Amino acid sequence: MSEVIKNRYEFIVLFDVENGNPNGDPDAGNLPRIDPESGYGLVTDVCLKRKIRNYVETVKEDATGYKIYIKENVPLNSSDKLAYQHIGVEEEKVKDLKKNDPDADKKIRDFMCSNFFDIRTFGAVMTTFVKASLNCGQVRGPVQLGFARSIDPIFSQEVTITRVAITTEEDANKKNTEMGRKSIVPYGLYRAEGYISANLARKVTGFTEEDLELLWEAIINMFEHDHSAARGKMAVRELIVFKHSSELGSCPAYKLFEAVEVKHKEDVLYPRKYQDYVVEIHKEQIPDTVEVIRKI
């Protein structure tokens, strides 16, 4: 069994999109998410976590210890029932559980963390346990991601398309094609920043060194098995990891993030590829107690 991580980490992910929609906003007709004040593109943390979960599910195929809790077409309470079965209690009698077993909360939490990779990694709100007045329903995970933001303002372009698939027979008698629209970003380089707490891993979820390596692998490959018409050309370009020498770390995260500068080259007016950018790590701003690792 792999050991629980002992070092704090921060990391930066750079990924890009070409002629695609990295994260549509359902409240805006599925247009690419954008900060209306600045014009910078956004990708939510939820979107990125979904890609990581999907990759782990693809490579592990529900292997023991690597099930995925937040997944399509699987009600959360059906996964929660596995914990009740593990401790040998019927769901109807859960409210009396703590009277007979004061350690029931810890047993349920530990079972869910040890069996579900995404709970062990990101944490979870398990409503079934909350409603049963158990204190294990909210698990704070050691790995946290922020929104990704584009390095430069993006241009959201609507492309008109025609299709030969007519919706109804009545319409088919009148016309041979229909018009449609696709929303794309011609090119955008995005930056996401993340945090990994060894303290929470030790105290709460048991996130291990093996889990950490799988997380890096999932981040690097999170778009490789997610290609679609809207996200045909997306790729992770950089994964920069900051490894502290201790569990609690020795430097504020923002100082490490500020030490990485990403900007387009001076002679480039409209960036259209990753090579139009320069990534510079100012190592003089990083303490000796923090190791910088470029995974890509």
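No experiment lies behind these values; they were computed from the predicted model shown. (Residues numbered from 1 in each chain as written. Predicted model: local features only at pLDDT ≥ 70, side-chain atom pairs only at ≥ 80, totals over all residues. Heavy atoms only, no water.)

S.K.: Help me understand helix H8 (residues 198-205) in this model?
M.R.: Note that an α-helix has 3.6 residues per turn; residues three or four places apart therefore point the same way. Taken together, the buried positions of H8 are Ala-198, Asn-199, Leu-200, Ala-201 and Thr-205. Count one or two residues on from H8 and you reach Gly-206, which has phi positive near 75°. (Buried < 20%, exposed > 50% of the residue type's maximum accessible area, 1.4 Å probe, protein only. Helix = DSSP H or I, 4+ residues; strand = E, 2+ residues; numbered from the N terminus.)

S.K.: Would you take a moment to explain the environment of Val-159 for this structure?
M.R.: In this fold, Val-159 is placed in strand E9 (residues 157-163). By relative accessible area, Val-159 is classed as partly exposed at 28%. Each C-alpha atom, one on Val-159 and one on Lys-174, is 24 Å from the other, the two residues being 15 residues apart in sequence. Those residues in contact with Val-159, other than ones at most four positions away along the chain, are Gly-180, Arg-181, Lys-182 and Ile-184. (Contact = heavy atoms within 4.5 Å.)

S.K.: Is there a simple way to explain the packing of aromatic side chains in this structure?
M.R.: The relation between two aromatic rings is expressed through the spacing of the ring centres and the mutual angle of the planes. Under the defined criterion, the tally for this structure stands at eight aromatic pairs. Measuring from ring centre to ring centre gives 6.1 Å for Tyr-9 and Trp-216, while their planes differ by 70°; the resulting arrangement is edge-to-face. With Tyr-9 in strand E1 (residues 9-20) and Trp-216 in helix H9 (residues 209-220), the pair connects residues that are 207 residues apart, well separated along the chain. Between Phe-15 and Phe-223, the aromatic rings sit 5.3 Å apart at their centres with planes inclined by 50°, giving tilted as the arrangement. Here the residue Phe-15 occupies a position in strand E1, and Phe-223 occupies one in the loop between H9 and strand E11 (234-244), the gap between them amounting to 208 residues. The pair Phe-15 / Phe-223 is uniform in exposure class, with both members buried. Through pairs of rings, three or more aromatic residues link up here, namely Tyr-9, Phe-11 and Trp-216. Lying across the ring of Tyr-66, Arg-120 places its NZ or CZ 5.5 Å from the centre. Positioned over the ring face of Tyr-40 is Arg-149, at 4.3 Å from the centre of the ring. (Phe/Tyr/Trp six-rings, centres within 6.5 Å; stacked < 30°, edge-to-face > 60°. Lys NZ or Arg CZ within 6 Å of the ring centre and 35° of its normal.)

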